[in-house]
Structure formats: C-alpha cells, structure tokens
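# Notes for the structure review
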Amino acid sequence: MTAIKKKSKLKRISVIIVAVLLIFITVSMVVTKIVYDSVFVRYDGTISVTEEPLKQIVSNRENKVYYSGENKLSGYLYRCESSNDNNTLVVVAPGHNSSADNYLWQIKSLLDYGWSVFAFDSTGSCNSEGDSQMGFPQILSDLDSTIKYIEKNDRFGYNEIVLFGHSKGGYAACCALSYDYDISAVVSVSGVNSAMEGVIGLSTQHVGFLAYGNYGFLWLYQAMLFGSDTLNMCADEEISQSNVPVMVIHGNNDELIPMDKFSIISYSDEIESDNVTYYVCDKDDQNGHTNLLFDKDGTANDELMEEINTFLEQNTDN
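All of these numbers come straight from a predicted model, not from anything done at the bench.

### What about the sheet that holds strand 4 (residues 116–121)?
The strand order across the open sheet formed by 8 strands is 1-2-4-3-5-6-7-8, and the pairing between neighbours is mixed. In this open sheet, the two edge strands, each paired with only one partner strand, are strand 1 (62–68) and strand 8 (276–281). On average, adjacent strands in this sheet sit at an angle of 20° to one another, irrespective of strand direction. Bridge count for strand 3 (residues 88–93) against strand 4 is 4 bridges, and the pairing is parallel. Paired with V90 across the two strands is V117, which belongs to strand 4. Across the sheet, helix 3 (residues 104–113) touches strand 2 (71–78), strand 3 and strand 4, and the angle it forms with strand 4 is around 160°.

Next up, the structure:
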C-alpha cells in the first residue's frame, strides 16, 4: 500500500508540474503576442509639408503602387532633373514608425547631389496597406518586393541602384545583399543587426528587462510569422559574405539601438569585409538614433549627407 501511495503521490506531482508548465507556456505566449502586437501596431503618422522646397519635390514625384505579399505598398519616385544627374537610383528603406515622408529632407539633399530616389511606405504604414507593421522581418519582404518592382520596370531608366536604410531599414538594406540583385552600394544609418535584437530593444521600452525573460517566446512567435531562415538573417553576416561597399553610420548617443549592443556597428570586429566604411556621429544633438540625420534647424544634416555623397560617388560609375 505504501508503494502504491508513493506512486500515486508522484503521479499527482507530475500532473501538477505539467499543468504549471502548460499554464506558464500559454501565459508567456499570450503576453508575447500582446507585447509584440503593441510594438508593431499600424503607423499612420502624418507629415505636414509646408516648406516650399519640400512641397515642390512632393508635387513632382511619381506615385507607384505594387505588392508586398497580399498588401499594396505605396512608393514614390523622385527624379533628379538637374544637370548633375548621376543616373543612379537611391532606394530609401524607412525605419520603425516612419514613412517615406519622414526622410524628405534627406531625399531633397540626395536630389541636390544628383541622385534620383525611390522611397516607400512599408507594410502597415501610412499610404501602404496592412493592419499592422507585422514585425521587424517584414521590412525584408517589403524591400525585396520594392527592388523587384524597380527591376521589373527597368530601374526606371537608371544605370545603378544603391540602398539607403535607417534603423530597421538599415538592417534590411544590409540583409538585401543576400538577394540576387545588382546593388552598387549600401548606406546603413542607425541599423539594428538582427530582427531579434531589434524586437528586444523595442520590447524593453514597453516591459523593461522582462523582455529578455520572454526571449525564447519572442523568437518562436516571430519564427511562426516569418520562418526561422528569415528571422535568423543578420546584417553583419550578409556584409561579410558580400563584396558590395557598405557605409555603416551610427550615433554615439543612440539610446534606442546603442552602439555597443544590438547595432550593426557593434559587430564591427566580426565583420569580415574590406569594403566597409564606419562613420560615427558624435556632435551633441546630432548623435542619437534619428536626430543624427538632421541639422538643428530641422533640415538634413549637411555634414553627414556630404559624407554619404562622397561614399556613393566613390562606389558608383559616375
């Protein structure tokens, strides 16, 4: 009888342990989905274009519509019409909670330097379809679809394509090196190195260090959405495996994607490529995640854009 009682007790304990584990897993997955969906809600921020230089380039741009998966994306083609046309198209990949119009001052600067520009609203943002932004890996699909659309249209007549990405767009621009496209150069600004590092960084803003405790569930949930191969893509690895020139730009006071973790530049010692240029923005009020792109008057950071222009000139056939 004693042995039977012991077996019965052990069975009850085992059932309780399994039940607790199942409850823990269920609660963790529910919490993960809630946090994840709150991070990647649809973004409909509007940009009021009142400055005359920007109003003119917006009125002259060509609106394009194409698909990324089941969602229509809105793209915008800005043609350089000056005598210094470099016959090169710069594709701008936006960051999290950003639209193409968030980069109008940078687009104007690129146009002034002689580059034409194609920018787009990513899935779940502004003029593009999608109930949500879906997650970090979605930008990979959006940029891939954008490049395919541009190539399908004979690059709109331009000789070369270069990529310019900010934040998650900077991550996507580097990961796009794994695609079978003829990309001449890449500029990555404030780029996160991987989707997991990006989502952890954003999640800590919502739930603090509890995000790290849910790391496994965050990985599993994203893998279910996008597949493990897509999720495991890392910018540093794609740079290392490519011969395409890459310029990695970061602010030394970036609190969202710190220089020493999460960022592409934090992996500089592991990047095995002779074609990488690193540029650190360290001026006060121009060394954060986004403000490094701007001067204090709200226009483009002329010093940074000059560095970018020099890099592009050196790595394109102009």
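Next comes the rest of the account.
### Some thoughts on the layout of surface pockets
Any empty space left between atoms is shown by rolling a water-sized probe over those atoms. When its volume is computed, the largest pocket comes out at roughly 270 Å³. I57, N60, R79, E81 and L111 are, among the 13 residues lining the largest pocket, the residues nearest its centre. Secondary-structure elements contributing two or more residues to the lining of the largest pocket are helix 2 (52–60) and helix 3. Per element, the largest residue contribution to the lining of the largest pocket is 4 residues, and it comes from helix 2. Of the residues contributing to the lining of the largest pocket, the split by class is 5 nonpolar, 4 polar and 4 charged.

### Focus: the packing of helix 2 against helix 3
In the contact formed by helix 2 and helix 3, the axes pass within 10 Å of each other and the chain directions differ by 80°. Taken as axis vectors, helix 2 and helix 3 run roughly perpendicular relative to one another. Of the residues in helix 3, those in contact with P53, L54, I57 and V58 of helix 2 are L104, W105, I107, K108 and L111. Within the contact of helix 2 with helix 3, the residues separate by chemical class into 8 nonpolar, no polar and 1 charged.

### What to know about the side chain of S184
Its place among the elements puts S184 in strand 6 (residues 183–189). A distance of 2.6 Å separates polar atoms of two side chains, one belonging to S184 and the other to E160. With sequence-adjacent residues up to four places away left out, S184 is seen in contact with E160, I161, V162, V244, P245, N315 and T316.

### Notes on the pairing of strand 2
Extensive coverage of strand 2 is indicated by the burial of 7 of its 8 residues. In this structure, the hairpin formed by strand 1 and strand 2 is closed by a connection of 2 residues, where G69 is found at a positive phi of approximately 65°. Inspection of the sheet shows strand 2 paired to strand 4 by 5 bridges, in the antiparallel sense. When the bridges of strand 4 are listed, L77 appears paired with F118.

### Some points on the packing of aromatic side chains
On inspection of all chains with the given rule, the structure shows 8 aromatic pairs. A ring pair is formed by F118 and F156, whose centres lie 5.9 Å apart and whose planes are at 10°; its orientation type is stacked. Within this pair, whereas F118 is found in strand 4, its partner F156 is found in the loop between helix 4 (138–152) and strand 5 (160–166), the two being separated by 38 residues in sequence. For F118, a relative accessible area of 0% translates into the label buried. The exposure class of F156 is buried, given its relative accessible area of 12%. Through a chain of ring-to-ring contacts, the aromatic side chains of Y66, F118, Y149 and F156 assemble into a single cluster.

What counts, and at which threshold
Residues numbered from 1 in each chain as written. Predicted model: local features only at pLDDT ≥ 70, side-chain atom pairs only at ≥ 80, totals over all residues. Heavy atoms only, no water. Pairing = 2+ DSSP bridges. Helix = DSSP H or I, 4+ residues; strand = E, 2+ residues; numbered from the N terminus. Axes fitted to C-alpha atoms, helices over the stretch in contact; angles between N-to-C directions. Contact = heavy atoms within 4.5 Å. 1 Å grid on protein atoms, 1.4 Å probe; cavity = no way out; pocket = protein on both sides within 12 Å on 5 of 7 lines; lining within 4 Å. Points joined across faces, edges and corners; volume = space filled by probe spheres on them. Nonpolar A, V, L, I, M, F, W, Y, C, P; charged D, E, K, R; others polar. Parallel < 35°, antiparallel > 145°, perpendicular 65-115°, else oblique. Polar contact = N/O pair within 3.5 Å; in protein donor to acceptor, adjacent residues only side chain to side chain. Buried < 20%, exposed > 50% of the residue type's maximum accessible area, 1.4 Å probe, protein only. Phe/Tyr/Trp six-rings, centres within 6.5 Å; stacked < 30°, edge-to-face > 60°.

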